[in-house]
Amino acid sequence: MLSVLRVHLPSDIPIVGCELTPYVLLRRPDKTVTTDDVPEFAPLDGHFLRYRIQSDRKVAVCSVHPSEQATLQCLGCVKAKIPVSKSYHCSPKCFSDAWQHHRVLHDRAASSVNENGNEEEEIFGRFNSTGSGVISASLTGSASSTSLTNGSTPLYPAAVTQRSGGETWFEVGRSKTHTPTTDDVGHVLKFECVVIDAETKLPVGHPNTILTSRVIPAPCPSPRHLIPVGGADMMAQLDSDGRILSPGTFTVLTYNILSDSYASSELYSYCPSWALSWPYRRQNLLREIIGYRADIVCLQEVQSDHFDDFFAPELDKHGYQALYKRKTNEVYSGNIHTIDGCATFFRRDRFSHVKKYEVEFNKAAQSLTEVAVQTTQKKAALNRLVKDNVALIVVLEAKFTNQGADNPGKRQLVCVANTHVNVQQELKDVKIWQVHTLLKGLEKIAASADIPMLVCGDFNSVPGSAPHSLLAMGKVDPLHPDLVVDPLAILRPHSKLTHQLPLVSAYSAFLRGVGLGLEQQRRRMDPTTNEPLFTNCTRDFIGTLDYIFYTADSLTVESLLELLDEDSLRKDTALPSPEWSSDHVALLAEFRCVPRPRR
């Protein structure tokens, strides 16, 4: 007979907007299975599972600390007919601390209805003279539940309530998953699973239930803004999404989103477990990525299953076409579906897909060792070079007009490279070789077409390192200390580590640009390297690993996404955090195509 052994959730703290799916362990006569193996409404051995999600009785929730139950209510709010949810506080101290902000609500309400001055003085004067408790009422017992409605319609219809142990539960769903809404904030959810006989439709055995903590709202980080670096553009305009863009420009985002397979509680113990769970992080990441409204999006550490099941379909809803290159799996020994890779998305209304190139550094390693490594060292060289890293190169054609082009009728192509270089810090030779291999491939594309280029990604190399020097300067000093690490002479065939692409780091424009708001951003830059002070911020490391490079003879930077402040990030925690769901920081630049200099 089929029976439920256990029900549990990936996180016991539900977040508004983040789907909750219980994990159910079932016992069959022959084996134990999970609900991942059983379709939601398909019978199994003549039985099926019925789910029910309920919410606890309606309680007042603090307007400042939504995870706390309210213990007092501001009578000034009630009198001024301010939305009742804003009138609740969890303690007198909470009310007192929030008073300066809270009083603004009263002022606005008073001015909108032109209330009598004496009445307002009575409310505020007593608070100022005797403290917060004077204009608040405590919420105890039944008072808390009755005061909540304030004449409004109850959250859930009474017809679907269930009384148990003195509490009232309201049914809010009958499917396997539930996505809490703002109406659920402050409430406990009860997930119930019971086996049902397919013929009699009657329960078999007792329901198995699990209770959550109270639902909390999704944290909302301060929005990051585009900062112009080329001076004010009088031709700037709003597009259909409300963005301020200049005619003929486009935006590019690069972001290492932190693969779920790497986001362990041991590595990121400072991040709350609910904020580290993938159901929460994926929604928060999606919300952030969509909010940037970039024309081209380059993501790293995108798991194969997450690309297929989540990012590709979700971004498709927002007008993006998706391309993906999964890492190779010669070294990786885990589940093939959870291997991460590079994903590039572009807005279909702004670009069309022309061509895609996939770079597998493992194949390049095979070619190198065949022709340039001594026979006795080939195996060791392959073991050192084969790390499964990849790059995805996409050629796109712009659908918008390039203002100021020397040939307005010419097709405007853009080549975008998206890569994630090997992470192991001791393999400095491998990092340099991977970057050099990618640049040589891009040189071939540049030789065959007059095309602007963007090189984006997580290079796992700090400013001033050999890979960064190769990208930014076009060469590496033969005496660079990183070149000392080459035990198998892998770099010897490339003794001249150079390339001919005129690459410049986009964020260096903060140091040479003109415009409002640049001083604050310059304080977040390292003037010795022309790079941000950090793009990766954990408890163990803070520094820059991510870059957007562009060919300066065909592109110019118009604006950049503002950088984050280290002090605000590390005041309480590092990354990831409830507000920012990766240990990396997203970078975004707005570009304009410019005519190449005539040779």
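Scroll up a little and you will see the structure.
About the thresholds
- In this convention, every chain numbers its residues from 1, walking through the sequence in written order.
- Local features are withheld for residues below a pLDDT of 70 in this predicted model, meaning they are given only at 70 or higher, and side-chain atom pairs are given and counted only at 80 or more; totals for whole chains, interfaces and linings count all residues.
- In computing side-chain values, all of the structure's heavy atoms are included and hydrogens and water are not.
- By convention in these notes, a salt bridge is any Lys or Arg side-chain nitrogen within 4 Å of a carboxyl oxygen on Asp or Glu.
- Segments assigned H or I by DSSP are reported as helices when at least four residues long, segments assigned E as strands when at least two residues long, and all are numbered from the N terminus.
- Three labels apply to residues, based on accessible area from a 1.4 Å probe with only protein chains included: buried if under 20% of the type maximum, exposed if over 50%, partly exposed otherwise in between.
- Strands are treated as partners if at least two bridges between them are detected by DSSP.
- Note on terminology: a nonpolar core comprises buried Ala, Val, Leu, Ile, Met, Phe, Trp, Tyr and Cys residues joined through side-chain atoms within 4.5 Å.
- Contacts are residue-level and defined by heavy atoms, with any inter-residue pair within 4.5 Å sufficient.

1. So, the pattern of salt bridges
Scanning the entire structure with this criterion turns up 20 salt bridges. Notably, a salt bridge pairs Asp-295 with Arg-347, separated by 3.3 Å at the nearest N-O pair. A residue pair is termed long-range when its members are at least 10 positions apart, and Asp-295 in the loop between α7 (278–292) and β16 (296–303) and Arg-347 in strand β18 (residues 340–347) qualify at 52 residues. For the pair Asp-295 and Arg-347, a shared accessibility class is recorded, and that class is buried. Residues joined in a network through salt bridges with shared partners are Lys-325, Lys-356, Glu-358, Glu-360 and Lys-363.

2. Observations concerning the pairing of strand β30 (residues 587–593)
Among the 7 residues that make up β30, 7 are buried, leaving the element largely enclosed by the rest of the structure. Burial along β30 is two-sided: Leu-587, Ala-589, Phe-591 and Cys-593 and Leu-588, Glu-590 and Arg-592, pointing in opposite directions, are all buried. Here strand β15 (residues 249–256) pairs with β30 via 6 bridges, running antiparallel. Paired with Phe-250 across the bridge in β30 is Phe-591.

3. Quick look at the nonpolar core
The biggest cluster of nonpolar side chains holds 67 residues, and the ones touching the most others in it are Phe-250, Leu-454 and Phe-591. For Phe-591, the residues in contact, after removing those within four places along its chain, are Gly-248, Thr-249, Phe-250, Val-252, Leu-454, Ala-506, Ile-548, Tyr-550, Leu-555, Thr-556, Val-557 and Glu-558. Counting residues in each nonpolar core, the second largest holds 41 residues, with Phe-361, Ile-393, Leu-471 and Leu-491 among its members.

4. Comments concerning the pairing of strand β20 (residues 390–398)
Within a regular strand, the side chains alternate between the two sheet faces. Burial analysis of β20 places 8 of its 9 residues in the buried class, which makes it a mostly covered element. Note: strand β19 (residues 351–360) against β20, 9 bridges, orientation antiparallel. Residue pairing in the sheet places Lys-356 in a bridge with Val-394 of β20. Pairing geometry for β20 and strand β21 (residues 413–420), over 7 bridges, is antiparallel. Residue pairing across strands places Ile-393 opposite Ala-417, the latter belonging to β21.

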